[in-house]
Amino acid sequence: MQYDEFIGEVQHRAQLDSREAALSATRATLETLSERIQPGEAENLGAQLPGEIGRHLEKVDDVDRFDFQEYAF
């Protein structure tokens, strides 16, 4: 999936008014996620995303893991 397609899909699924809002939501989600998963997991996920998006999963020194239930709810 390409960058524009990914952000467009986020905008559509989240019913956001603008691409900027979709980018902001994507950035916030991935940055928070990168603080909660192990660095190797973040690198793996980031490698599967377009480069402009995957960079939001950069390594974080202090990881505070949580399980799926905590993240999803």
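So, here is what we can say about the structure in this document.

This paragraph deals with the layout of surface pockets. Put simply, the largest pocket is a space of about 160 Å³. Lining the largest pocket we find Phe 6, Val 10, Ala 25, Thr 26, Thr 29, Leu 30, Leu 33, Leu 45 and Leu 49. Mapped by element, the contributors of at least two residues to the lining of the largest pocket are α1 (3-14) and α2 (19-34). If one sorts the elements of the lining of the largest pocket by residue count, α2 sits on top with five residues. Class assignment of the residues belonging to the lining of the largest pocket gives a composition of seven nonpolar, two polar and no charged.

Turning next to unusual backbone geometry. Of note in the backbone geometry, Gln 15 takes a positive phi value of approximately 55 degrees without being a glycine. Within the secondary structure layout, Gln 15 lies in the loop between α1 and α2.

Another aspect to go through is the side chain of His 56. Its place among the elements puts His 56 in the loop between α4 (51-54) and α5 (68-72). Residue His 56 is classed as buried on the basis of its relative accessible area, which comes to 7%. Apart from the residues within four sequence positions on either side, His 56 is in contact with Arg 27, Leu 30, Glu 31 and Ser 34.

What follows is about the environment of Leu 49. On the secondary structure map, Leu 49 appears in the loop between α3 (39-47) and α4. Through-space distance from the C-alpha of Leu 49 to that of Tyr 3 is 8.2 Å; in sequence the pair is 46 residues apart. In this structure, Leu 49 is in contact with Phe 6, Leu 30, Gly 54 and Leu 57, ignoring residues within four places of it in sequence.

Moving on to the pattern of salt bridges. Taken as a whole, this structure holds two salt bridges when the rule is applied. Note that Arg 19 is salt-bridged to Asp 4, the shortest N-O span being 3.2 Å. Here Arg 19, found in helix α2, pairs with Asp 4, found in helix α1; they are 15 residues apart in sequence, far enough to count as distant. Linking Glu 9 and Arg 13 is a salt bridge whose minimum nitrogen-to-oxygen distance equals 2.6 Å. Residue Glu 9 and its partner Arg 13 are both found in helix α1; the two are separated by four residues, about one turn of the helix. Among the residues examined, Glu 9 registers a relative accessible area of 30% and is labelled partly exposed.

Calculation rules
Per chain, residue numbering runs from 1 following the sequence as it is written. Reporting in this predicted model follows two pLDDT cut-offs: at least 70 for local features of residues, and 80 or more for side-chain atom pairs to be given and counted; totals over whole chains, interfaces and linings ignore these cut-offs and use all residues. Working from all heavy atoms in the structure, the side-chain values ignore hydrogens and water. We place a 1 Å grid over just the protein atoms. Points where a 1.4 Å probe fits but has no way out form a cavity, open points with protein on both sides within 12 Å along at least 5 of 7 lines form a pocket, and any residue with an atom within 4 Å of a point lines it. Grid points are joined across faces, edges and corners, and a volume is the space filled by probe spheres set on the points. Each helix is a run of H or I in the DSSP string that is no shorter than four residues. Each strand is a run of E no shorter than two, and both are numbered from the N terminus. Each residue gets one label: Ala, Val, Leu, Ile, Met, Phe, Trp, Tyr, Cys and Pro are nonpolar, Asp, Glu, Lys and Arg are charged, and the others, such as Gly, are polar. The classification of residues rests on relative accessible area computed with a 1.4 Å probe and restricted to protein chains. Under 20% of the type maximum is buried, over 50% is exposed, and intermediate values are partly exposed. What makes two residues a contact is simply this: any of their non-hydrogen atoms within 4.5 Å. We define a salt bridge as a side-chain nitrogen of Lys or Arg found within 4 Å of a carboxyl oxygen belonging to Asp or Glu.

Shape is all these values report; function is a separate question.
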